[in-house]
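Spelled out, the chains give:
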Amino acid sequence: MVLGFVTALLCAGCAFMFNGPRKTDRSSSVVNYLYPGQTNPLPLTTIPVLRLPLRVGVAFVPSGDVRDNYSPAGITEEQKMVLMQRVAAEFKGYPFIQSIELVPSTYLRRAGGFDNLDQVRGLLGVDVIALLAYDQVQFTNENFFSLTYWTIVGAYIFQGNKNDTHTLMEAAVYDIASRHLLFRAPGSSQVQASTAAVYLNQNLHRDSAKGFDDATGELIRNLKAQLEAFKDRVKQSPGEVQIEHRPGYTGGGTFEGGFLAVMALLLLVRRSGRRS
Amino acid sequence: MPWATLAAAGLALVIHASSRLGALLVFERTRILQGEAWRLWTGNWVHFSPSHLWWNLAVLLPAGIWAERLAPERTRRFFLFAPFIIGGTLLLVDPALARYGGLSGLAAGLLVLLALEQISHGAPDRWFWWAVLALLGLKVAVELSADRTLLARFSDPALHPAPLAHVAGIFAALLGRFRRRRI
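These numbers were taken from a predicted model, which means no experiment stands behind them.

### A closer look at the overall build of chain A
Helices and strands together make up the secondary structure of chain A, namely seven helices and nine strands. For chain A, the residues scored as buried account for 31% of the 276 residues in total. Nonlocal contacts in chain A, meaning residues at least 24 apart in sequence, comprise 78% of its contacts between residues at least 6 apart.

### Considerations on the overall build of chain B
If you tally the helices and strands in chain B, you get nine helices and three strands. Start at the N end of chain B and walk to the C end: the helices and strands fall as α-α-β-α-α-α-α-β-α-α-β-α. Counting over 183 residues, chain B shows a buried share of 45%. For chain B, contacts bridging at least 24 residues in sequence account for 76% of all contacts bridging at least 6.

### Section: the interface of chain A and chain B
By convention, interface size is frequently given as the accessible area that disappears when the constituent parts associate. Between chain A and chain B, the contact holds 25 residues from the first and 36 residues from the second. Of all elements in the fold, only α6 (200-236), β8 (242-245), β9 (249-252) and α7 (256-275) of chain A reach the threshold of two or more residues within the side of chain A that touches chain B. Looking at which element gives the most residues to the side of chain A that touches chain B, the answer is α7 of chain A, with eight residues. Here the side of chain A that touches chain B is built from residues that sort into twelve nonpolar, nine polar and four charged. As paired strands, β9 of chain A and strand β3 (residues 160-161) of chain B are joined by two bridges and run parallel to one another. Note on β3 of chain B: the bridge partner recorded for Gly252 of chain A is Pro161 of chain B.

### Notes on the sheet that holds strand β2 (residues 97-101) of chain B
Adjacent strands of a sheet pair through backbone hydrogen bonds, lying either parallel or antiparallel. Reading across the sheet, the four strands line up as β1(B)-β2(B)-β9(A)-β3(B) and stay open at both edges, with mixed pairing between neighbours. Every interior strand has two partners, whereas the edge strands, β1 (27-28) and β3 of chain B, have only one. Looking at chain direction, β9 of chain A and β2 of chain B are connected through four bridges and run parallel. Bridged to Tyr249 of chain A within β2 of chain B is Leu97 of chain B.

### Description of the confidence of the model for chain A
For chain A, the mean per-residue pLDDT works out to 82, and 84% of the residues sit at or above 70. Here residues 66-72 of chain A is modelled with pLDDT under 50, and outside its nearest four sequence neighbours on either side it reaches 13 contacts, counting other chains as well.

### Notes on helix α3 (residues 77-91) of chain A
The terminal C-alpha atoms of α3 of chain A, which comprises 15 residues, lie 21 Å apart, in line with the 21 Å expected from a rise of 1.5 Å per residue. Those residues of α3 of chain A that are buried are in contact with β3 (54-60), β4 (97-102) and α6 of chain A.

### Observations concerning the packing of helix α6 (residues 72-93) of chain B against helix α7 (residues 104-120) of chain B
Residues and elements named next belong to chain B. Between α6 and α7, whose axes approach to 10 Å, the crossing angle comes to 140 degrees. In terms of their interaxial angle, α6 and α7 are classed as oblique. Handedness of the α6/α7 crossing: right-handed. Of α7, the residues touching α6 (which contributes Arg74, Thr75, Phe78, Ala82, Pro83 and Ile86) are Gly105, Leu106, Gly109, Leu110 and Leu113. Of the residues assigned to the contact of α6 with α7, the class counts are seven nonpolar, three polar and one charged.

### Things to note about the packing of helix α5 (residues 50-70) of chain B against α7 of chain B
Residues and elements named next belong to chain B. Put simply, α5 and α7 touch, their axes get as near as 8 Å, and they point 35 degrees apart. Here the hand of the crossing between α5 and α7 comes out left-handed. Mapping the contact onto sequence places Asn56, Val59, Leu60, Ala63, Gly64, Trp66, Ala67 and Leu70 in α5 and Ser104, Leu106, Ala107, Leu110, Leu111, Leu113, Leu114 and Glu117 in α7. Grouping the amino acids of the contact of α5 with α7 by side-chain chemistry returns twelve nonpolar, three polar and one charged.

Rules behind the numbers
- Residues numbered from 1 in each chain as written.
- Chains lettered and ligands numbered in written order.
- Predicted model: local features only at pLDDT ≥ 70, side-chain atom pairs only at ≥ 80, totals over all residues.
- Helix = DSSP H or I, 4+ residues; strand = E, 2+ residues; numbered from the N terminus.
- Buried ≥ 20, exposed ≤ 12 C-beta atoms within 10 Å, placed from the backbone.
- Contact = placed C-beta atoms within 7 Å.
- Nonpolar A, V, L, I, M, F, W, Y, C, P; charged D, E, K, R; others polar.
- Pairing = 2+ DSSP bridges.
- pLDDT = per-residue confidence, 0-100.
- Expected span 1.5 Å × (residues − 1).
- Axes fitted to C-alpha atoms, helices over the stretch in contact; angles between N-to-C directions.
- Parallel < 35°, antiparallel > 145°, perpendicular 65-115°, else oblique.
- Left-handed = near helix turned anticlockwise from the far one by under 90°.

Right under this line is the structure:
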């Protein structure tokens, strides 16, 4: 009877440890936030007017539900602020950006849409907003070393769990007034690690944070590249975006090719006149 | 030896190579008003892109070398005092301007200085120098009235032309000549 009781106890404990593979998914979506319930949003007709220097907002769109009962929901507000500060720090030095405001998550409501962005614009005075969204999936599987978990001590020493964290982030930059998407950029990362059973949740948290960190680094690089591409598009197709300058602009003087071409022509005429 | 022009060009290249130096020396209205007055002078040597720098040097170098060979003392005085006149004009006359950079104000002044020296020395091709003055005058007039550049385009659409810098540079060149004549 005692043996049976002990066996039942061990089985219960092992059942707790050996859950089999599991998956955690946490995500948010710019499309679901801006166009809730719309399958065919109306095409935009107004041309975006960018008044430089810009006042930019950075915000994480509200997230969806986490489909796993073992992990806490999504990314914390503190983590979001740290990531947003990283993004803001990279772009603060640009002469056409007057200020970058970090918008707290409480200012954005789920499926808030452009009406919500208009409220943020009125509250914080931002013209353009960079909406950050993410999708992070964490898989955890047991490997050969998980057999040592039967010894109890093995669950502390042997790394019988293999974790795989895939993170995808996206930044979509919108002009709030015209509701135009100006440009967007992705960032992704993959973190693979092994851990002992006892430290599983702790390491999953750490991998999650590292995944967001690495994806943010790639996002920043891609965002800079897309910003340069956007500036080229504005130069080549001035009808797509209208640029205006407000007080506090950055100015400079330049001569460039046209002036030098005319000067070169005059010099040519002068030289040919001297020869004759 | 046109050492002042070469030093000016070298300084612009050095500053452009270091973003920290650029940030420390660029004309920034709020920082100037907080006491960083050196930015009135040094802001002229800061550029916002490689093309901004190269095009300005393409005008400043030949004009400056030629002017310094023709009138060395006047040209060197120009390099010393004109940046303050340009920076001061922008600070006082254009309150909407938050940041400024570029050698084009000095380059415009050097062109005027060189043209006036050639004309006053009785150069046989005075028509050429009058044409240079007319072209520069047209450029400044269009920039002031139409709020856009003439025969020039910033590679960065975020940059706005600051024609007052050219006006101030030309004024500084004329001031040097008028002062000499008075003496």
